[in-house]
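Listed below are the residues making up each chain.
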Amino acid sequence: MGQTALAAGSNSTPTSQALYPDLSCPEGLEELLSASPPDLGTQRRHGWNPKDCSENIEVKEGGLCFERRPVAQSTDGARGKRGYSRGLHAWEISWPPEQRGTHAVVGVATALAPLQADHYAALLGSNSESWGWDIGRGKLYHQSKGPEAPQYPAGFQGEQLEVPERLLVVLDMEEGTLGYAIGGTYLGPAFRGLKGKTLYPAVSAVWGQCQVRIRYLGERRAEPHSLLHLSRLCVRHTLGDTRLGQVSALPLPPSMKRYLLYQ
Amino acid sequence: MERRKTYDGCEGPDAMYVKLMSSDAHEFVVKREPALASGTIKVMVSGPGQFAENEPIRSIVERPLHILHMYFTYKVCYTKNSTKLPIAPEIALELVMAVNFLDC
């Protein structure tokens, strides 16, 4: 489960031939990225969770950004508010290169992955509940402490891709893959075997006062929502956030009121 | 809603269409296959059992049935690039009740 898949990024290195020409750009990714991006409210709903992060992390702007406090000998992580178990999702992480330090890891985690460690480490990916790309060393971690971790993208043989400030994380829960994209180029699946899990955006950081932003770009579902769920969304939207308490006054049986409130 | 198959194309177990009738006498003739997205309709048309033809089961008025009809087509045509299904806010409550019964 969660074994890494090595894929060659043939676009940017003319000299190295792709050994595994399986870039397998997830179906629907182009449409997802060319659609208009979600509004700030949606981005916040899919942003960092202030209740689900290391105590050394302060989530700001309603979830759009976090800052790691300069605590010595601590690695700290954060999870997104929403976990994904179906569909294709993408989000953009903005992490200034001068704020990465020795261990900057970007990826996903289940709800169980620890988000804090009392030493500097590549925390994300060091256990069975998380998967991460070390954007400093270019290595992929899952159940790994580092030394034998594979390089990503694989075709680079010693030269390392410089990861710019912004990178995309592409999670395909239909195929069960996690991959990354830089500058509009999908680098291939980094991890496979993720189907059936519920995975949250996650990073782990060691740099004091680093600011890491997350911008959710949207979802492509494999199947349409049920009409019941679509109707629920319509009722909730019509009431608005401030009047959701009035669901109890609606002329509906109790079970339907609970359904409208996601209970 | 009553289920009645009285027109050509709506009769018999292999009919290509089914006719949905609301309690306020609006009729929708819809293709049978997409309508099976509703678990309840699937049970109704799949043979003898608890639902008799022409017997009103529950009162469902025309407006939510109209959205239901759209939903069947929407579901069949759904691709990963789909746009939203428009639901007017004023019928949302009726729709929630009707769709809960129809299981789709």
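We now turn to the structure provided with this report. (Residues numbered from 1 in each chain as written. Chains lettered and ligands numbered in written order. Predicted model: local features only at pLDDT ≥ 70, side-chain atom pairs only at ≥ 80, totals over all residues. Heavy atoms only, no water.)

It is worth spelling out the overall build of chain B at this point. Per the secondary structure count, chain B includes four helices and three strands. Element order for chain B, N to C, with α for helix and β for strand: β-β-β-α-α-α-α. Long-range contacts, defined here as pairs at least 24 residues apart, represent 55% of the contacts in chain B between residues at least 6 apart. A total of about 5,700 Å² of accessible surface is found on chain B, and carbon and sulfur atoms cover 52% of it. (Helix = DSSP H or I, 4+ residues; strand = E, 2+ residues; numbered from the N terminus. Contact = heavy atoms within 4.5 Å. Areas by Shrake-Rupley, 256 points an atom, 1.4 Å probe, with all protein chains shown as cover.)

Take the interface of chain A and chain B next. The parts lose accessible area when they come together, and the size of an interface is often stated as this lost area. Listed per partner, the contact involves 23 residues of chain A and 20 residues of chain B. Taken over both partners, the interface formed by chain A and chain B buries close to 1,900 Å², and the fraction arising from carbon and sulfur atoms is 77%. Together, Pro-224, Leu-227 and Leu-228 of chain A form the three largest contributors to the area buried by chain A at its contact with chain B, with a combined 31%. At the junction of chain A with chain B, the criterion picks out four residue pairs in polar contact (both at pLDDT 80 or more). When residues of the side of chain A that touches chain B are traced back to their parent elements, those giving at least two are α3 (227-239) and α4 (254-260) of chain A. By residue number, the principal contributor to the side of chain A that touches chain B is α3 of chain A, which donates eight residues. (Buried area = accessible area lost by both parts, 1.4 Å probe. Polar contact = N/O pair within 3.5 Å; in protein donor to acceptor, adjacent residues only side chain to side chain.)

Residues and elements named next belong to chain B. Mapped onto the secondary structure, Asp-103 falls in the segment after α4 (92-102). Of the residues examined, Asp-103 reaches a relative accessible area of 49% and is grouped as partly exposed. Taking C-alpha positions, Asp-103 is 6.0 Å from Thr-40, a pair spaced 63 residues apart along the chain. (Buried < 20%, exposed > 50% of the residue type's maximum accessible area, 1.4 Å probe, protein only.)

On to the pairing of strand β3 (residues 65-68) of chain A. All names here are of chain A. In β3, alternate side chains face the same way, and those of Cys-65 and Glu-67 on one face and Phe-66 and Arg-68 on the other are all buried. Where strand β2 (residues 57-60) and β3 come together, four bridges link them in antiparallel fashion. In the sheet register, Glu-58 faces β3, and the bridge partner there is Glu-67. Between the end of β2 and the start of β3, which pair antiparallel, lie four residues, with Glu-61 showing a positive phi angle near 50°. As judged from the three bridges shared by β3 and strand β14 (residues 211-220), these two strands associate in the antiparallel manner. The partner of Cys-65 across the bridge, within β14, is Arg-213. (Pairing = 2+ DSSP bridges.)

A word on the packing of helix α3 (residues 62-77) of chain B against α4 of chain B. All names here are of chain B. Between α3 and α4, the least distance of the axes is 9 Å, while the angle of their chain directions is 60°. Crossing of α3 over α4 shows right-handed handedness. Between α3 and α4, the residues in contact are Arg-63, Pro-64, Ile-67 and Leu-68 and Glu-94, Leu-95, Ala-98 and Leu-102, respectively. (Axes fitted to C-alpha atoms, helices over the stretch in contact; angles between N-to-C directions. Left-handed = near helix turned anticlockwise from the far one by under 90°.)

Another point: the packing of aromatic side chains. All names here are of chain A. Using the criterion set out here, one finds seven aromatic pairs over all chains in the structure. Pairing Tyr-84 with Trp-91 gives two aromatic rings, centres 6.0 Å apart and planes at 35°, and the pair type is tilted. For Trp-91, a relative accessible area of 0% puts it in the buried group. Relative to Tyr-180, the ring of Trp-133 lies with its centre 4.9 Å away and its plane at 45°, an arrangement referred to as tilted. Of this pair, Trp-133 sits in strand β8 (residues 130-134) while Tyr-180 sits in strand β11 (residues 177-182), placing them 47 residues apart in sequence. Note on accessibility: Trp-133 and Tyr-180 belong to one class, buried. Within the aromatic cluster, the residues linked to one another by ring pairs are Tyr-84, Trp-91 and Tyr-216. (Phe/Tyr/Trp six-rings, centres within 6.5 Å; stacked < 30°, edge-to-face > 60°.)

Right, let's talk about α3 of chain A for a bit. Residue and element names in this part refer to chain A. The terminal C-alpha atoms of α3, which comprises 13 residues, lie 18 Å apart, in line with the 18 Å expected from a rise of 1.5 Å per residue. By the burial criterion, the buried members of α3 are Leu-227, Leu-228, His-229, Leu-230, Ser-231, Arg-232, Cys-234, Val-235 and Leu-239. One or two steps after α3, the chain reaches Gly-240, where phi turns positive at roughly 85°. (Expected span 1.5 Å × (residues − 1).)

For the rest of this paragraph, the subject is the sheet that holds β11 of chain A. Neighbouring strands of a sheet are bound in pairs by backbone hydrogen bonds; such pairs are parallel or else antiparallel. Residues and elements named next belong to chain A. Read from one edge of the open sheet, seven strands run β2-β3-β14-β5-β10-β11-β12, paired in antiparallel fashion. Each edge of the open sheet is held by one strand with a lone partner, namely β2 and β12 (185-191). This sheet shows a mean twist of 25° between the axes of neighbouring strands, independent of strand direction. Strand direction decides the pairing type here: strand β5 (residues 88-94) and β14, joined by seven bridges, are antiparallel. By the bridge assignment, His-89 is partnered in β14 with Glu-219.

What follows concerns the pattern of salt bridges. All names here are of chain A. Within the structure shown, the criterion is met by nine salt bridges over all chains. Two residues, Arg-69 and Glu-58, come together in a salt bridge whose shortest N-O distance is 3.7 Å. Taken together, the residues Arg-69 in the loop between β3 and β4 (75-80) and Glu-58 in strand β2 connect sequence positions eleven residues apart. Judged by relative accessible area, which is 35%, Arg-69 ranks as partly exposed. Ionic pairing is found between Arg-137 and Asp-134, a salt bridge with its closest N-O pair at 2.8 Å. On the accessibility criterion, Asp-134 (0% relative accessible area) is buried. Among the ionic contacts, a cluster of salt bridges with common partners joins Glu-92, Arg-166 and Arg-215. (Salt bridge = Lys/Arg side-chain N within 4 Å of Asp/Glu carboxyl O.)

Looking now at α3 of chain B. End to end, α3 of chain B covers 23 Å across 16 residues, agreeing with the expected 22 Å (1.5 Å per residue, within 8%). The complete set of buried residues in α3 of chain B reads Pro-64, Leu-65, Ile-67, Leu-68, Tyr-71, Phe-72 and Tyr-74 of chain B. In this structure, the buried residues of α3 of chain B make contact with α3 of chain A together with β2 (17-21), β3 (27-31), α1 (32-35), α2 (39-45) and α4 of chain B.

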